[in-house]
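Notes for the structure review
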Amino acid sequence: MPTGEDLGIVLLTLRVAGVATALVLVPGVLAGLGLARYRGPGRGALETLLSLPLVLPPTAIGIVLLEALSPRRSLGGWLAAHGLELVFTWRGAVLAAMVMASPLLVRSARTAFEEVDPRLVGIARTLGCSPVRAFLRVTLPLARRGILAGVVLAFSRALGEFGATIMVAGSIPGRTRTLALAIFQEHQVGADAEAFRLVGITVLLAFGALWVAEWVGRRGTHTR
Amino acid sequence: MIEIALTLPLAATTLAVEATLPDGATAVMGPSGAGKTSLLEAMAGLRPRTRGRLVVNGEVLLDGARGVRLPPERRRVGYVPQDAQLFPHLSVRQNVLFGARAPRGRVDGMLEVLELGRLLERHPGTLSGGERQRVALARALATDPRLLLLDEPLAGLDVALRERVLPYLLRLRAEWNVPTLYVTHQLGEAIVLAERVLVLAAGRVARQVPPLALLAAEAPEASAERDLENFLPGRVRTHDAAGGVTRVTLDGGGEMTVPLAREHAPGSAVTLVVRAEDVLVAVEAPHGLSARNVFAAGVADCARAGADVTLRCNLVEGSLAVLVRLTPAAVATLEIRPGVRVWLAIKSHSVRLT
């Protein structure tokens, strides 16, 4: 049976993954739009940069983040001076999850935007829409399903983030130890039964996320 | 009046169109790749590389020299692309009302005439080609445009639908008087719908002529085979069962008597189809004639086409024009030429009601 400690881990994990997904949503969708529309120089480099977390070992990303955020460095020092401690806090776990999950959202959003016929946007303009309104009334609704799929992928990725998180946030019980970290920890101390119980909970969470996405995707979707 | 002086680089050539078009409808014709669709898109403001000048009834939409370039949303130009381009995530109603600014009553009237009332809750994916075209037309008209650009609105429609949409376009012209550019490959459509034809070739204006002039230039075999038909929009006034006739009030004014057609309820919109060769011409007011429908008209245009002569006659009462096909001998005997007064007689049984 799940224990009170398990509940704490689950809530922490959901909080980290949920906040990370929420924070990455708008910039991720905008980056996807940029990649879909921008045809100028530097496009390839930008695309590679945004996909980097997908191809690098998470621990590599983690150590770079850790170094940059260290209070000894200018960025980390500046953040600390403004009250934002990231290293070895749950916020650090959020940042690690954001970086690792963002490429999935960006790539899904880019594909979704590329599939919207630009001529429909032109028609919306002739019907009186400014570029922003045309985006909100035509492009975004038509790309909605692809973006939603990207959100689910990003959330799932954040839910299971391990490598970068353990580098930036450590594995502090009750503070930064998410499900993925806890499973590893239990296994390390030989408590495989506990580890498997946590695996079961993780599976339930992942299915839950998929179901919610499916439900949201159907709601408001018209006949095809 | 529309003043066009536009240039736009295309893939194979450069669009360079200069034309001054009076109000009314202009057909744009020419071979594929001549730049017809590009011209419409440039006028709608959808081609950022367009240079030059575009003025519609005194409103400057584009003037490179003065740094004026209205974005598409401020041009108030209704554009109906060839494949309709309806918004797939919206219902027919939401599509039509997407940019609506015409008064509510006018939009409702338009939906009725285009027979879209029953389709309003449907989605574009479930519509036929003709239905999509009508929705796209309604969507553009609902914005109350000052210029209408139609890219082959009747292409891909079957004959019955063509006969239903075509008179609507005519009615539009008569009632709303929106200047219209109308891309078509069908000379027959151009003759019925447009006052003039802009012929494009390789991005340039090859000719700007009355439609009948193109008919005259056609190969004789082609024009002999062409069915020239008049499409006259109107509404059923009464049924006279004893007399065996139905009386129809023409939209442009005047009345037409046709064989009893009870399937069309009084008040309903109908289209009268009359072949050009079924119209008789007299140079004096006829009397004692069995033909029920006699209209005074003026000959506006006259062109030799193949073995025949085609006349375009404007009815004195109302705003409709009627095409008439005669033999050259008849034209010579009656001394028919542009400007003369004639009387057109149409037998009731020559009129088809749709």
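Bear in mind that the values here come from a model prediction, so they are computed numbers and not experimental data. (Residues numbered from 1 in each chain as written. Chains lettered and ligands numbered in written order. Predicted model: local features only at pLDDT ≥ 70, side-chain atom pairs only at ≥ 80, totals over all residues. Heavy atoms only, no water.)

**Observations concerning the environment of Ala 102 of chain B**
Residue and element names in this part refer to chain B. Relative to the assigned elements, Ala 102 resides in the loop between α2 (92-96) and α3 (104-113). What makes Ala 102 buried here is its relative accessible area of 11%. Expressed as a C-alpha distance, the spacing of Ala 102 and His 349, which sit 247 residues apart in the sequence, is 40 Å. (Helix = DSSP H or I, 4+ residues; strand = E, 2+ residues; numbered from the N terminus. Buried < 20%, exposed > 50% of the residue type's maximum accessible area, 1.4 Å probe, protein only.)

**A word on the confidence of the model for chain B**
All names here are of chain B. Residues at a pLDDT of 70 or more form 95% of chain B, whose mean pLDDT is 87. Mean pLDDT values for the elements of chain B range from 56 in helix α8 (residues 220-225) up to 96 in α2. On the interface metric, ipTM, the complex scores 0.80, and its pTM is 0.78. (pLDDT = per-residue confidence, 0-100.)

**Focus on the interface of chain B and chain A**
Taken together, the contact pairs 21 residues of chain B with 19 residues of chain A. Both sides of the chain B and chain A interface together cover about 1900 Å² of buried area, and 62% of this is carbon and sulfur. Interface area lost by chain B to chain A is led by Glu 73, His 89 and Phe 98 of chain B, which between them contribute 36%. Asp 83 of chain B is the salt-bridge partner of Arg 119 of chain A, the closest N and O atoms lying 2.7 Å from each other. (Contact = heavy atoms within 4.5 Å. Buried area = accessible area lost by both parts, 1.4 Å probe. Salt bridge = Lys/Arg side-chain N within 4 Å of Asp/Glu carboxyl O.)

**Let's talk about helix α7 (residues 131-159) of chain A**
Given 3.6 residues per helical turn, the α-helix brings residues three or four places apart onto the same face. Residue and element names in this part refer to chain A. Over its 29 residues, α7 runs only 36 Å from end to end, short of the ideal 42 Å by more than 12%, given 1.5 Å per residue. Of all the bends in α7, the largest measures some 55 degrees and sits at Arg 144. Along α7, the residues classified as buried are Ala 134, Phe 135, Val 138, Thr 139, Ala 143, Ile 147, Gly 150, Val 152, Ala 154, Phe 155, Ala 158 and Leu 159. Packing partners of the buried residues in α7 comprise α1 (4-37), α5 (90-114), α6 (118-126) and α10 (192-218). (Expected span 1.5 Å × (residues − 1). Bend = angle between axes of the 7 residues up to and from the residue.)

**Points about the pattern of salt bridges**
All told, the structure shown has 27 salt bridges over all chains when counted by the stated rule. Three or more residues are tied together by salt bridges with common partners; here these are Arg 43, Glu 47, Arg 110 and Glu 114 of chain A.

**Looking at the side chain of Thr 257 of chain B**
Position of Thr 257 of chain B among the secondary structure elements: in strand β14 (residues 255-259). Apart from residues lying up to four places away in sequence, Thr 257 of chain B is in contact with Val 245, Thr 246, Arg 247, Arg 292, Asn 293 and Ser 348 of chain B.

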